[in-house]
Amino acid sequence: MSSTRELQSFLNTLVSNGIYDPVMIWGAPGLGKSSVVAATANQFNLKFVDVRISQITPADLRGLPAADIPNNSFKYLPPDFLPKAGDLPGVLFLDEITQAPPAVQAITQQLILDRRVGSYILPDNWFIWAAGNRQQDKTAVYSMPTALANRFHHVEVSIDFETWKLDYALANIDEAIVSFLSLRPELLHKMQVDSHAWPSPRSWAMANRLHQANLNIGYAVGPATAAEFAGFLIVYKDLPNLDAIVSGKGKDIKWPKQEVSAQYAVTIGLLQRCLKASNAELVNIVKWMAIKGRPEYSTKMLHELLDMGPKRVPGLLHLMSSINRDPDLDMFVGQAHELGKLAQQ
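As the structure is a prediction and not an experimental result, all values here were calculated from the model.

(A) View of the overall build of the chain. Along the chain, the regular secondary structure elements total 16 helices and nine strands. A sequence separation of at least 24 residues applies to 71% of the contacts in the chain between residues at least 6 apart. Put simply, the chain shows about 17,600 Å² of open surface, and 53% of that area lies on carbon and sulfur atoms. Placing the 32 positive and 33 negative side-chain charges of the chain at their respective mean positions leaves the two points 2 Å apart.

(B) Main features of the packing of aromatic side chains. Applying the stated criterion across every chain, the model contains 12 aromatic pairs. With 5.4 Å between their ring centres and 50° between their planes, W255 and Y297 make a pair best called tilted. Separated by 42 residues along the polypeptide, W255 in the loop between α11 (242-246) and α12 (260-274) and Y297 in helix α14 (residues 295-312) bring together distant segments of the chain. By the burial criterion, W255 is buried, and Y297 matches it. In this structure an aromatic cluster arises from ring pairing among F180, W204, F229, F232 and Y236.

(C) Here's a closer look at the confidence of the model for the chain. Confidence in the prediction of the chain, expressed as mean pLDDT, is 90, and 97% of residues score 70 or more. Note on residues 339-345: pLDDT under 50 across the span, and three contacts to partners over four residues away in sequence or across chains.

(D) Looking closely at the sheet that holds strand β5 (residues 90-95). In spatial order, the strands read β2-β5-β8-β1-β9; together these five strands make up an open sheet with parallel pairing. Lying at the two open borders of the sheet, with one neighbouring strand each, are β2 (47-52) and β9 (153-156). Each strand of the sheet is rotated relative to its neighbour by a mean of 20°, with strand direction disregarded. Pairing of strand β1 (residues 23-26) with β9 involves four bridges; the strand directions are parallel. Considered in β9, the bridge of M24 is made with H154. Where helix α2 (residues 33-43) meets the sheet, it contacts β1, β2, β5 and β8 (126-132), and its direction lies at approximately 170° from that of β5.

(E) Spotlight on the pattern of salt bridges. Counting across every chain of the model gives 18 salt bridges. Measuring nitrogen to oxygen at the nearest pair gives 3.9 Å for the salt bridge that ties K47 to D87. Here D87 lies in the loop between β4 (73-77) and β5 and K47 lies in strand β2, a separation of 40 residues in the sequence. In this structure, R52 engages D95 in a salt bridge whose closest nitrogen and oxygen atoms are separated by 3.7 Å. Here R52, found in strand β2, pairs with D95, found in strand β5; they are 43 residues apart in sequence, far enough to count as distant. Residue R52 is classed as partly exposed on the basis of its relative accessible area, which comes to 32%. Note on D95: relative accessible area 10%, which makes it buried. A network of salt bridges, in which partner residues are shared, links D50, R52, D95 and E96.

(F) Geometry of the packing of α12 against α14. Orientation of α12 relative to α14, taken along the N-to-C sense of each, is 30°, at an axis distance of 11 Å. Between α12 and α14, the interaxial angle falls into the category roughly parallel. In the crossing of α12 with α14, the sense of the turn from one axis to the other is right-handed. Residues V260, Q263, Y264, T267, L270, L271 and C274 of α12 lie in contact with α14, whose contacting residues are Y297, M301, E304, L305 and M308.

Cut-offs used in this document
- Residues numbered from 1 in each chain as written.
- Predicted model: local features only at pLDDT ≥ 70, side-chain atom pairs only at ≥ 80, totals over all residues.
- Heavy atoms only, no water.
- Helix = DSSP H or I, 4+ residues; strand = E, 2+ residues; numbered from the N terminus.
- Contact = heavy atoms within 4.5 Å.
- Areas by Shrake-Rupley, 256 points an atom, 1.4 Å probe, with all protein chains shown as cover.
- Lys, Arg positive; Asp, Glu negative; His and termini not counted.
- Charge placed at Lys NZ, Arg CZ, Asp CG, Glu CD.
- Phe/Tyr/Trp six-rings, centres within 6.5 Å; stacked < 30°, edge-to-face > 60°.
- Buried < 20%, exposed > 50% of the residue type's maximum accessible area, 1.4 Å probe, protein only.
- pLDDT = per-residue confidence, 0-100.
- Pairing = 2+ DSSP bridges.
- Axes fitted to C-alpha atoms, helices over the stretch in contact; angles between N-to-C directions.
- Salt bridge = Lys/Arg side-chain N within 4 Å of Asp/Glu carboxyl O.
- Parallel < 35°, antiparallel > 145°, perpendicular 65-115°, else oblique.
- Left-handed = near helix turned anticlockwise from the far one by under 90°.

Right, dumping it as structure tokens:
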């Protein structure tokens, strides 16, 4: 199993090294498989052609026959959605391939193996990547023929909350939702076959828009998850003033000692503010966590800031250069290093 971050790293390496072998990405619905592929194409300035294989017929892919009168023959006119000769390099993404019936998968096999189908030839410098659900995901899939499967490199993707949080959620999802899922990470992706709405990274992005409009997120993630989130919000509304901590006025603000959910919420709320904090504000946040926060929370925050790096946390380099000049920070970083070594044992 690979996380979405590991998948992106794998695809990045293929592009960087010019490895054009086809790739098949397996995973449950809603994990963000197609988003990772699109992000990789965007990162390398590649054209991105997304073909939903489950929605086409063999004729759509092979093209329509047209008379070639001078040669007393006919030829196939390829569809306009496929890359054309002269196009810039890109990614041809064959999504939902396991939901395509066998006849469609069969003709797709020629495109994947030979980079051509009928009279159509895929231009050089185009990657062929595909994605689909597994049979255990209960999404009306067809078995992939072994001959087709043998053409691919196979990557099976699973969801990892910490990766989702650091790579996506902190910058895009409301801190109340991220705080709630930090407390209940198993609810990031929980398929429920008896419910139309259930939690997944995709549906939490939808729920985020509902929450920001003060609507019931149950329409996106289901009533049971929405009920838990509503209970969490009761605690969340009584959090201390996090913006005062950011501005350096948190001396008299205490760490919430009773509610674990409040402790998660404070940590996530401050972590999200780190992404937009100035140099001085980032120092204020980390110092407050170092002095007031419980070690397991403050240490985790420091490790996550380092994991995201200065591109995501603009004040990080200033923070690290301030350590030796600030006794509180110096002591905190030393303790965090020792705790990190203990956690690895």
